[in-house]
Amino acid sequence: MKLSEKRNDGRYKDFARIDAPDLCVLPGMLLDISKNGCRVKFPVPVNINKEDECELNIQPSCKQGLKPFSLTVKPVWADESDDNNEAGFSIVGSSDFRRLSNYLDVLHEATVDSDELLLQELCL
């Protein structure tokens with residue numbers, strides 16, 4: 001079950017590919033991410049043990065200059081349906097902290113730009 005939405009940091013939507021070899025042989029999809037955690041959807045039901053840390057390899061969507069990076073995460077919640085699985089993870093660490101930070105900066109700038117464009121359209 002999902003935890004309540006009490007966050008201090010920005011959470012950004014994106015559709016990056018996720019490889020989680022410890023959890024699923026098929027690639028998953030990143031739904032959103034922040035500096036503290038992320039939400040991932042897997043295409044098949046996945047057995048997720050909330051006690052185990054695992055590695056997520058993230059291949060950012062087609063954003064300019066972003067390179068793949070890895071995160072060490074721990075499951076916080078999981079929702080399983082008949083044909084897929086969605087889970088929330090807290091970020092325990094990253095050997096690619098600079099790439100994660102750059103990725104979040106790019107997502108933040110894209111969000112700010114789209115919000116500004118929407119405001120401009122509404123004001124016209």
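Small disclaimer: the values here were computed from a predicted structure and weren't measured.

Conventions we followed
Residues numbered from 1 in each chain as written. Predicted model: local features only at pLDDT ≥ 70, side-chain atom pairs only at ≥ 80, totals over all residues. Heavy atoms only, no water. Helix = DSSP H or I, 4+ residues; strand = E, 2+ residues; numbered from the N terminus. Buried < 20%, exposed > 50% of the residue type's maximum accessible area, 1.4 Å probe, protein only. Contact = heavy atoms within 4.5 Å. Areas by Shrake-Rupley, 256 points an atom, 1.4 Å probe, with all protein chains shown as cover. Salt bridge = Lys/Arg side-chain N within 4 Å of Asp/Glu carboxyl O. Disulfide = S-S within 2.5 Å. Phe/Tyr/Trp six-rings, centres within 6.5 Å; stacked < 30°, edge-to-face > 60°.

1. Considerations on the overall build of the protein chain
1) Next: Looking only at helices and strands, the protein chain features one helix and seven strands.
2) Next: Seen in sequence order, the protein chain has helices and strands lined up from the N terminus as β-β-β-β-β-β-β-α.
3) Next: Within the protein chain, buried positions represent 35% of all 124 residues.
4) Next: For the protein chain, the proportion of contacts with a sequence separation of at least 24, taken over those separated by at least 6, is 55%.
5) Next: Carbon and sulfur atoms provide 50% of the accessible area of the protein chain, an area that totals close to 8,000 Å².

2. Considering the pattern of salt bridges
1) Next: Within this structure, the stated rule accounts for four salt bridges.
2) Next: R39 serves as the salt-bridge partner of E86, at 2.8 Å between the closest nitrogen and oxygen. Taken together, the residues span a long stretch of sequence, with E86 in strand β7 (residues 85-93) and R39 in strand β4 (residues 37-42) at a distance of 47 residues. We note that E86, like R39, is buried.
3) Next: One network of salt bridges, in which partners are shared, links R11, D32, R39 and E86.

3. So, the state of the cysteines
1) Next: If you walk through the whole model with that rule in mind, you get zero disulfides.
2) Next: Sulfur of C54: no disulfide; nearest cysteine sulfur belongs to C38 and is 8.8 Å away.
3) Next: Residue C54 is classed as buried on the basis of its relative accessible area, which comes to 6%.

4. Examining the packing of aromatic side chains
1) Next: Tallied over the entire structure, the rule returns one aromatic pair.
2) Next: On the basis of an interplanar angle of 55 degrees and a centroid distance of 5.4 Å, the ring pair of F69 and Y103 is categorised as tilted. A residue pair is termed long-range when its members are at least 10 positions apart, and F69 in strand β6 (residues 69-80) and Y103 in helix α1 (residues 97-123) qualify at 34 residues. For the pair F69 and Y103, one class covers both residues: buried.

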